[in-house]
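# Tertiary structure, described
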Amino acid sequence: MFVKICGITNEQDALLAVALGADALGFVFAPSPRHISPALAREIVKRLPPETVSVGVFRNETPSRIIEIVNEARLQGAQLHGHETPAMTEEVATDVRFVIKAVVAGSQDAANASTFASDAILVDGLHPGSGTAYDWELLQDIPTDIRLMLSGGLTPENVAAGIAQVRPWGVDVSSGVEKARGLKDAVKMRHFITNARDAVLG
């Protein structure tokens, strides 16, 4: 189970998430309370193990600017969390090693997820980053030939149920493991990662 902890804003949270077993960290460059500068993200990424996948999160940004920031911050991947078209996604994918395309559960983009040139499709609710859960039944329309990442309202308490129902390739969490907006909670992160991995074994 691929586990991504998103909304990292400081080095302490980043290193802790990795130590607890996170596979990937997300750095938000879109307008958000968890926004981070490319310069600070670069300083944090420098201290991460090479196997940790560092991902920049963008919303409705131009492909050229996405590629520029990914390179500036020395990130490995980009997560496109807006209304990016398949053509825009493909343009990013030509220059970025790992691309995640986010879609809204139940949307036309979700039904057409296979048309995006991405390494994974992340399915979120209508209000990303809000911590609001949605009906996982909406994921029945998602094509089965993709790497699906479950996101939106996940917490240490419900991640196992989400994995059991959806059978995703990965999970993504931000506000569900915070103690305050933009600051992670060590206990919540540990429980989230443990419960996600145990759900697969179970």
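This text goes with the structure placed above it.
Remember, it's a predicted structure, so these values are computed and weren't measured experimentally.

Ile 5, Leu 25, Phe 27, Phe 29, Val 123, Leu 139 and Val 171 are the most contacted members of the largest nonpolar core, which totals 52 residues. Ranked by residue count, the leading element in this core is helix α7 (residues 186–201), at 5 residues. In this view, Val 171 contacts Met 1, Phe 2, Val 3, Lys 4, Met 149, Leu 150, Leu 154, Val 159, Ile 163, Phe 192 and Ala 196; residues no more than four positions away in its chain are not counted. Counting 10 residues, the second-largest nonpolar core is a separate cluster that includes Val 55, Phe 98, Leu 122 and Met 149.

A few words on the packing of helix α1 (residues 11–19) against α7. Where α1 meets α7, the closest approach of the two axes is 10 Å, and the angle between their N-to-C directions is 30°. Between α1 and α7, the angle falls in the class roughly parallel. In this structure, the crossing between α1 and α7 has a hand that is right-handed. Contacts between α1 and α7 involve Asp 13, Leu 16 and Ala 17 from the first element and Ala 186, Met 189 and Ile 193 from the second. Residues that form the contact of α1 with α7 fall into these classes: 5 nonpolar, no polar and 1 charged.

Now for unusual backbone geometry. Unusually for a residue other than glycine, Asn 60 sits at a positive phi of about 55°. Inspection of the secondary structure assignment puts Asn 60 in the loop between β3 (53–58) and α3 (63–72). Residue classification places Asn 60 among the partly exposed residues on the basis of a relative accessible area of 46%. The phi angle at Arg 167 is positive, at roughly 55°, despite the residue not being glycine. In this fold, Arg 167 is placed in the loop between α6 (159–166) and β8 (170–173).

Taken in spatial order, the 8 strands of this closed barrel run β1-β2-β3-β4-β5-β6-β7-β8, and their pairing is parallel. Adjacent strand axes in the sheet meet at a mean angle of 25° when their direction is disregarded. Pairing analysis gives 4 bridges linking strand β4 (residues 77–80) to strand β5 (residues 98–104), with the strands arranged parallel. Pairing of Gln 79 across the sheet is with Ile 100, part of β5. Along the sheet, α6 contacts β7 (148–150) and β8; its crossing angle with β7, the most-contacted strand, is approximately 150°.

Each value, and the rule that gives it
- Each chain has its residues counted from 1, running along the sequence as written.
- This being a predicted model, a pLDDT of at least 70 is required before a residue's local features are given, and a value of 80 or more before pairs of side-chain atoms are given or counted; all residues contribute to the totals for chains, interfaces and linings.
- The basis for every side-chain value is the complete set of heavy atoms in the structure, and neither hydrogens nor water enter the calculation.
- The definition of a nonpolar core used throughout is a set of buried Ala, Val, Leu, Ile, Met, Phe, Trp, Tyr and Cys residues joined through side-chain atoms within 4.5 Å.
- Relative accessibility under 20% of the residue-type maximum defines a buried residue, over 50% an exposed one, and the middle range a partly exposed one, all with a 1.4 Å probe and only protein chains included.
- Strands here mean DSSP runs of E at least two residues long; helices mean DSSP runs of H or I at least four residues long; both are numbered from the N terminus.
- Any two residues whose heavy atoms approach within 4.5 Å are treated as being in contact.
- Interaxial angles span 0 to 180 degrees and are taken between N-to-C directions of axes, which are lines fitted to C-alpha atoms, for helices over the stretch in contact.
- Here the word oblique covers every angle except those under 35 degrees (roughly parallel), over 145 (roughly antiparallel) and from 65 to 115 (roughly perpendicular).
- Note on convention: near helix rotated counterclockwise from far helix by under a right angle means a left-handed crossing. Clockwise means right-handed.
- Think of it as three bins: nonpolar holds Ala, Val, Leu, Ile, Met, Phe, Trp, Tyr, Cys and Pro, charged holds Asp, Glu, Lys and Arg, and polar takes everything else, Gly as well.
- A pair of strands is treated as paired once DSSP finds two or more bridges between them.

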